[in-house]
Amino acid sequence: MDLILLAEMIVAAVAAALLYTIIGIIPGTDETAVLVPVTLILVLAGVQPVVVLCFFISAVIANNLMDAVPAAIAGIPGGVMASPLVDHAQLLKRKGMADRSLRKMAAGSLIGVLVSVPVSLLLARSLIPLAEAIKAYADPLFFAGAVLLALLSKNKLLALASILPFTLLIEGLRYLYWGIGIVPRGTTVFISFFLGITIGPVVLTLFELLNKEKRECLKCDQPRRITLQKVPFEWKSLNPFRALKKQEWTTSAGASLISCFTFILSPVGMTTLLGELFSKRTQDPVDRSVLAITTMNALANATYLSGTLIPLIALGVPLSPVAIGPAHALFDAPPVFTTTHNMHHILSQTDFILATVIGAGVALIVTYTLAIKYAQSICAFVFKRIPHEAILGLFCAFVLLLAYMDAGWMNIGGVMLIGLVSGLLHRWGVGYGILFMVLYAAPWLVSGL
């Protein structure tokens, strides 16, 4: 690997850390919706795969670290992964401990990265001998994963009942496109359908705004007021082991280690489950909330990194909710990547290690420092100057463009339909992981009916 390529990797990691420091702090953004389009554009633009991977690792860490900041400061989750933190963060905020909770969250994220990166790399290498056996059963495994995630969700019956209808919707659109000649028979429209699922809640909300009665219910008499308390910065607070007690960093490390072995499960589900499990024995409500937010932030990065690296290095097929979701463009982005020719087949073990270490190292140096020192200033700037609607509009435009590139104007309507259905199912409690796994398993399921 030459020095120019190393320099490109460092520049990509810095760019990702800075970009997703801003995006991550914007309330209500979904990790999949903001990570997939940008990564996909880099892949399709012909950027070197090792540089794209470095960018993605840095982006994941920066986004997951920063989306906890609005939860700590304003009680608003920056993204889906920060949702489990809100109740605990609100309790600490009411106790006047917003600055303390912010430092605990950032330190927890750092611990999660430091544990999950080496464990994921080692676990991925140990699974390589089993890769062919696992890939031979990939389609049934996707279906089994959808069923497993449905059984672990809150609305089990609804999630299970939605699998077959959503399968028929996906395959029905594909057969329609073949029948009227939009795409050649046998061509699988995938990327735009996948992105339609990611923006489902946005599509559903936009269609609801066309309903006059719904618009009337959404009227607000005055702007929402958010109060940010100014907290003095101390350089010693950059040391995570000064910010955390022994129980907090050992619990965060232990939970992160366990989550690496459960990479096939939902990252949000594991973050909530393990975070609450490891903190529930603490009697004092404040101490319990502190331990919960620290552990959950560690888990947020650990679940994402293990869910990306283990399938990518060991298998080359996206056998995890993270790989199917936010990291999808690393596995399947035609015509550059396919499930039989992607980063798994192109990059060496050394490339994977370098890209992961550089991406993680740069993100921690840049974003961790910014989160501790400037988080409140960045938060205030974003709340005042960057409209949430502008960011969502940008990503929706990306999705519509890619839908047109996939199968023309007709596919824009198809993507809107998938967005409406998936948005409604998501609102009812059917997780993204289930829908993504159904998308992958759909051809196998229909062929078996």
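Residues numbered from 1 in each chain as written. Predicted model: local features only at pLDDT ≥ 70, side-chain atom pairs only at ≥ 80, totals over all residues. Heavy atoms only, no water.

Under an unreviewed UniProt entry, the name given to the chain is Tripartite tricarboxylate transporter TctA family protein, and the source organism is Sporolactobacillus nakayamae.

(A) Fine view of the overall build of the chain. When helices and strands are counted, the chain shows 22 helices and zero strands. When the 449 residues of the chain are sorted by exposure, 55% land in the buried category. A fraction of 80% describes how many contacts in the chain between residues 6 or more apart in sequence connect residues 24 or more apart. For the chain, the exposed area adds up to about 19,300 Å²; of that, 65% sits on carbon and sulfur atoms. (Helix = DSSP H or I, 4+ residues; strand = E, 2+ residues; numbered from the N terminus. Buried < 20%, exposed > 50% of the residue type's maximum accessible area, 1.4 Å probe, protein only. Contact = heavy atoms within 4.5 Å. Areas by Shrake-Rupley, 256 points an atom, 1.4 Å probe, with all protein chains shown as cover.)

(B) Representation of the pattern of salt bridges within the structure. Applying the stated criterion across every chain yields a total of three salt bridges. Among the ionic pairs, lysine 104 bridges to glutamate 248, the shortest N-O distance being 2.7 Å. Of this pair, lysine 104 sits in helix H6 (residues 98-127) while glutamate 248 is found in helix H14 (residues 246-260), placing the two residues 144 residues apart along the sequence. Both residues of the pair, lysine 104 and glutamate 248, belong to the buried class. Taking the shortest distance from any N to any O, the salt bridge between glutamate 208 and arginine 427 comes out at 2.5 Å. With a gap of 219 residues between them, glutamate 208 in helix H11 (residues 200-208) and arginine 427 in helix H21 (residues 388-428) connect regions that are remote in the sequence. (Salt bridge = Lys/Arg side-chain N within 4 Å of Asp/Glu carboxyl O.)

(C) Here's a closer look at the packing of aromatic side chains. Under the criterion given, the structure shown has five aromatic pairs. Consider the rings of tyrosine 20 and phenylalanine 55, whose centres lie 6.3 Å apart with planes at 75 degrees: the pair is edge-to-face. With tyrosine 20 in helix H1 (residues 3-25) and phenylalanine 55 in helix H3 (residues 49-66), this residue pair connects regions lying 35 residues apart in the sequence. Overall, the relative accessible area of 0% leaves tyrosine 20 in the buried class. A relative accessible area of 8% places phenylalanine 55 in the buried class. (Phe/Tyr/Trp six-rings, centres within 6.5 Å; stacked < 30°, edge-to-face > 60°.)

(D) Up close: H11. Listing the buried residues of H11 in full gives Gly200, Val203 and Leu204. Down the axis of H11, the buried side of the element spans an arc of 100 degrees, and every buried residue falls inside it. (Arc of directions from axis to C-beta.)

(E) Main features of helix H10 (residues 191-198). The element H10 is extensively covered by neighbouring structure, given that eight of its eight residues are classed as buried. Every buried residue belonging to H10 is among Ile191, Ser192, Phe193, Phe194, Leu195, Gly196, Ile197 and Thr198, and all of these are buried.

(F) Just the side chain of histidine 344, in detail. Note that histidine 344 resides in helix H19 (residues 343-346). Engagement of the side chain of histidine 344 in a polar contact is seen with the backbone oxygen of leucine 312, the distance being 3.1 Å. Those residues in contact with histidine 344 that sit more than four places away from it in its chain are Lys135, Leu312, Ile313, Ala314, Leu315, Gly316 and Phe352. (Polar contact = N/O pair within 3.5 Å; in protein donor to acceptor, adjacent residues only side chain to side chain.)

(G) Region of the structure containing the environment of phenylalanine 193. Relative to the assigned elements, phenylalanine 193 resides in helix H10. When the C-alpha positions of phenylalanine 193 and asparagine 411 are compared, they lie 8.9 Å apart, and in sequence the two are 218 residues distant. When sequence neighbours within four positions are dropped, the list of residues in contact with phenylalanine 193 reads Ile170, Leu173, Arg174, Tyr177, Asn411, Ile418 and Leu439.

(H) Up close: the confidence of the model for the chain. Confidence in the prediction of the chain, expressed as mean pLDDT, is 82, and 89% of residues score 70 or more. Per-element confidence in the chain is highest for H3, whose mean pLDDT is 92, and lowest for helix H13 (residues 240-243), whose mean pLDDT is 70. (pLDDT = per-residue confidence, 0-100.)

(I) Looking closely at the packing of helix H2 (residues 31-44) against H3. Interaxial distance between H2 and H3 falls to 11 Å at its minimum, and their mutual angle equals 160 degrees. The angle between the axes of H2 and H3 places the two elements in the roughly antiparallel class. The chirality of how H2 crosses H3 is right-handed. Residue-level contacts link Glu31, Val34, Leu35, Val38, Thr39, Leu42 and Val43 of H2 to Val52, Phe55, Phe56, Ala59, Val60, Asn63 and Asn64 of H3. Split by residue class, the contact of H2 with H3 holds ten nonpolar, three polar and one charged. (Axes fitted to C-alpha atoms, helices over the stretch in contact; angles between N-to-C directions. Parallel < 35°, antiparallel > 145°, perpendicular 65-115°, else oblique. Left-handed = near helix turned anticlockwise from the far one by under 90°. Nonpolar A, V, L, I, M, F, W, Y, C, P; charged D, E, K, R; others polar.)

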